[in-house]
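What follows is each chain in one-letter form.
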Amino acid sequence: MEVFEQLKQLIKSKDKQRIVFPEGDDVRILTAVSQLKKDDLLEPIVLGKKDQVLALAKENDLDLSGVMIIDPVTSPDFEDMCQKFHERMQGGKHFQTMEEAEKAMHDANFYGTMLVYTGKADGMVSGAAHSTADTVRPALFILKTKPGMHRISGSFIMERGEEKYVFADCAISIDPTADQLAEFAAQSAATAKMIGIDPKVAFLSFSTKGSAKGPQVDKVSEAAKIFKDQHPEIPADGELQFDAAFVPAVAKLKAPGSEVAGHANVFVFPELQSGNIAYKITQRLGGFTAIGPVLQGVAKPVNDLSRGCSADDVYKISILTAAQAVSAD
Ligand SMILES: CC(C)(COP(=O)(O)OP(=O)(O)OC[C@H]1O[C@@H](n2cnc3c(N)ncnc32)[C@H](O)[C@@H]1OP(=O)(O)O)[C@@H](O)C(=O)NCCC(=O)NCCS
Ligand SMILES: CC(=O)OP(=O)(O)O
């Protein structure tokens, strides 16, 4: 069965997950929400001014009947949310005054993240109209990392027909250390398993097994070593160039004997420049659908979108968000 069909079956077999969409002024979000509601997959909560959200839906012939729409600022729980956010921020460096807390709660991404934090929603999808930094910062401040995790990363599920791969980190950490890369690999292997991929992890570089030298190469081979020590049960190798990781004939030449080279399906990039560029090239030149960024390592499910996303991308990441919420139960 197709992966997203499996995820749909999974979320249909449980209580409906309440997923909050802070961008009620974006037609792609409303299109996906209308379809998700029609398909009876989850309970969407849209943030925005009700009359404006409904007017945009009508203009685009979208049915939002039964969808909860909340205007954060006029909602009865606004003061309570400000108070709870203020308490959550105590002891940190940001939003220390009540005034700052109230200002933050006017931002739909902060308010939506607080709905998730307080258990009024099970997950959040945003980023069609906001940068990744604006989408992710509330989650970093409020939800923080899962127990045992140190850093959040962002992966993409790259899909073309039957082909599916996980690329990471394509969204969050600008220049990760070797330890952080190893952690991102573990998070990405878990994402791969969730969508039915048996993970084979390649730590990518411009070098294969010492063919080039330098600190950038050392970081990647060190990350592979750390990962192999921590997760001997997951096949992994590095440092590998992409052709050695992906093409069996090249793997034989460049990395003979590797259990991963030529067959990798989880690709860990050395830093954000290469990860973000690679996923967009694969999407735009390679004809793959890019689902994500799937935020990995966050304490509760919050997922980002590219501002270049389609309504179908929103639909798919929403299903994945609900599946993450169900799996965490
Ligand atoms: C994600 C990002 C916004 C974080 O920004 P930052 O400046 O490092 O973080 P801030 O200074 O705002 O700090 C917020 C908090 O989150 C923490 N944090 C930052 N990155 C983190 C990560 N990857 N995982 C967990 N926590 C993180 C910080 O340590 C800080 O915690 P503190 O308040 O307890 O000290 C930033 O790294 C970024 O812009 N990344 C690139 C996003 C992007 O444009 N991607 C391309 C498009 S997808
Ligand atoms: C993930 C990503 O690159 O997001 P955006 O296109 O919005 O910058």
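Residues numbered from 1 in each chain as written. Chains lettered and ligands numbered in written order. Predicted model: local features only at pLDDT ≥ 70, side-chain atom pairs only at ≥ 80, totals over all residues. Heavy atoms only, no water.

### Looking at the pairing of strand S1 (residues 18-21)
Put simply, the rule reads: Only when DSSP finds a minimum of two bridges between them are two strands counted as paired. Every helix listed is a DSSP run of H or I at least four residues long, and every strand listed is a run of E at least two residues long, numbered separately from the N terminus. Consider the strands pointing away from the viewer: the crossover is right-handed when the path from the first strand over the helix to the second runs clockwise.
Judged from the 4 bridges that link them, S1 and strand S2 (residues 43-47) form a sheet pairing that is parallel. Directly across from Val20, in S2, lies its bridge partner Ile45. Note that the unit made of S1, helix H2 (residues 27-38) and S2 has a crossover that is right-handed. The pairing of S1 with strand S4 (residues 123-125) spans 2 bridges and is parallel. Its bridge partner lying in S4, Ile19 is registered against Gly123.

### Re the nonpolar core
Quick reminder of the rule: Nonpolar cores were defined as sets of buried Ala, Val, Leu, Ile, Met, Phe, Trp, Tyr and Cys residues, with membership established by side-chain atoms within 4.5 Å. For each residue, the accessible area found with a 1.4 Å probe, counting protein chains only, is set against the maximum for its type, and the residue is called buried under 20%, exposed over 50%, and partly exposed in between.
Judged by nonpolar contacts, the single largest core of 57 residues is most densely connected at Phe21, Val201 and Phe203. Ranked by residues supplied to this core, first place goes to helix H13 (residues 311-328) with 8 residues. Counting residues in hydrophobic clusters, the runner-up holds 32 residues, among them Cys82, Phe85, Ala108 and Ala121.

### Considering the packing of aromatic side chains
Operational definition: Stacked, tilted and edge-to-face are the three classes applied to pairs of Phe, Tyr and Trp rings, where Trp contributes its six-membered ring and a pair requires centres within 6.5 Å; stacked means planes under 30 degrees apart, edge-to-face means over 60, and tilted covers the rest.
Counted according to the given criterion, the structure contains 15 aromatic pairs. Aromatic side chains Phe95 and Phe110 sit 5.3 Å apart centroid to centroid with 70° between the ring planes, which places their arrangement in the edge-to-face category. On the criterion of sequence distance, the pair formed by Phe95 in the loop between helix H4 (78-89) and helix H5 (98-105) and Phe110 in helix H6 (residues 108-117) is long-range, its members being 15 residues apart. Owing to a relative accessible area of 9%, Phe110 belongs among the buried residues under this scheme. Of the aromatic side chains, those joined through ring pairs into one cluster are Tyr165, Phe167, Phe242, Phe246, Phe267, Phe269 and Phe288.

### Concerning the UniProt feature "domain: Phosphate acetyl/butaryl transferase" (unreviewed entry) in the chain
The cut-off we apply is this: UniProt positions are given in the numbering used here, feature names are shortened, and annotations may be inferred rather than shown by experiment.
Following the UniProt record, one finds the feature "domain: Phosphate acetyl/butaryl transferase" (unreviewed entry) at residues 4-322. The straight-line gap between the two end C-alpha atoms of residues 4-322 is 12 Å; of that span, 45% is helix and 16% is strand.

### What about the site of ligand 1?
Convention followed: A molecule or strand has a residue near it when one of that residue's heavy atoms lies within 4 Å. Polar contacts here mean pairs of N or O atoms no more than 3.5 Å apart (in protein, one a potential hydrogen donor and the other a potential acceptor; neighbouring residues in sequence count only if both atoms are side-chain atoms). All accessibility values rest on the Shrake-Rupley procedure with a 1.4 Å probe; residue burial counts only the protein chains present in the view.
Close contacts around ligand 1 come from 15 residues, with Lys93, Thr132, Arg137, Ile152 and Ala171 the closest. Here Lys93 contributes a side-chain N or O atom positioned 2.8 Å from an oxygen atom of ligand 1. Burial of ligand 1 by the protein amounts to 65% of the accessible area it has alone, namely 940 Å². Those elements that provide at least two residues to the shell around ligand 1 are helix H7 (132-143) and helix H12 (272-284). Looking at the shell around ligand 1 element by element, the count peaks at 5 residues for H7.

### A look at the pattern of salt bridges
Selection rule: In what follows, salt bridge is the name for a side-chain nitrogen of Lys or Arg lying within 4 Å of a carboxyl oxygen of Asp or Glu.
This structure, assessed with the given rule, holds 17 salt bridges. Note that Glu163 is salt-bridged to Arg160, the shortest N-O span being 3.0 Å. Across the pair Lys316 and Asp312 runs a salt bridge, and its minimum N-O distance is 3.9 Å. Here Lys316 and its partner Asp312 are both found in helix H13, 4 residues apart, which amounts to about one turn of the helix. Since its relative accessible area comes to 42%, Asp312 is described here as partly exposed. Overlapping salt bridges bring together Glu159, Lys164, Asp312 and Lys316 as one network.

### Some words on the packing of H6 against H7
Short version of the rule: The axes are straight lines fitted to the C-alpha atoms, using for helices just the contacting stretch, and the angles between their N-to-C directions are given from 0 to 180°. What sets the label is the angle itself: under 35 degrees gives roughly parallel, over 145 gives roughly antiparallel, 65 to 115 gives roughly perpendicular, and the rest give oblique. Left-handed describes a crossing whose near helix is turned anticlockwise from the far helix by less than a right angle; the clockwise case is right-handed. In what follows, a contact means two residues having at least one pair of non-hydrogen atoms within 4.5 Å. Following the grouping adopted for this structure description, the nonpolar residues are Ala, Val, Leu, Ile, Met, Phe, Trp, Tyr, Cys and Pro, the charged ones are Asp, Glu, Lys and Arg, and the polar ones are all others, Gly among them.
Between H6 and H7, whose axes approach to 9 Å, the crossing angle comes to 40°. As far as their axial angle goes, H7 and H6 are oblique. H7 is crossed by H6, and the crossing has right-handed handedness. On the side of H6, the interface is formed by Asn109, Phe110, Thr113, Met114, Val116 and Tyr117, while H7 contributes Asp134, Thr135, Pro138, Ala139, Phe141, Ile142 and Leu143. Of the residues that constitute the contact of H6 with H7, the class distribution is 9 nonpolar, 3 polar and 1 charged.

### Points about unusual backbone geometry
Residue Asp169 is bonded to the preceding Ala168 through a cis peptide linkage, with omega at -20°. For Asp169, the location among the structural elements is in the loop between strand S6 (163-168) and helix H8 (178-194). In this chain, Gly238 is followed by Glu239 through a cis amide linkage whose omega measures 5°. Relative to the helices and strands, Glu239 is located in strand S8 (residues 236-240). If you check the backbone angles, Lys144 has positive phi at about 65° while not being a glycine. Position of Lys144 relative to the elements: it lies in the loop between H7 and strand S5 (153-160). Look at Lys144 and you get partly exposed, because its relative accessible area is 39%. Phi is positive for Lys209, which is not a glycine, with a value near 50°.

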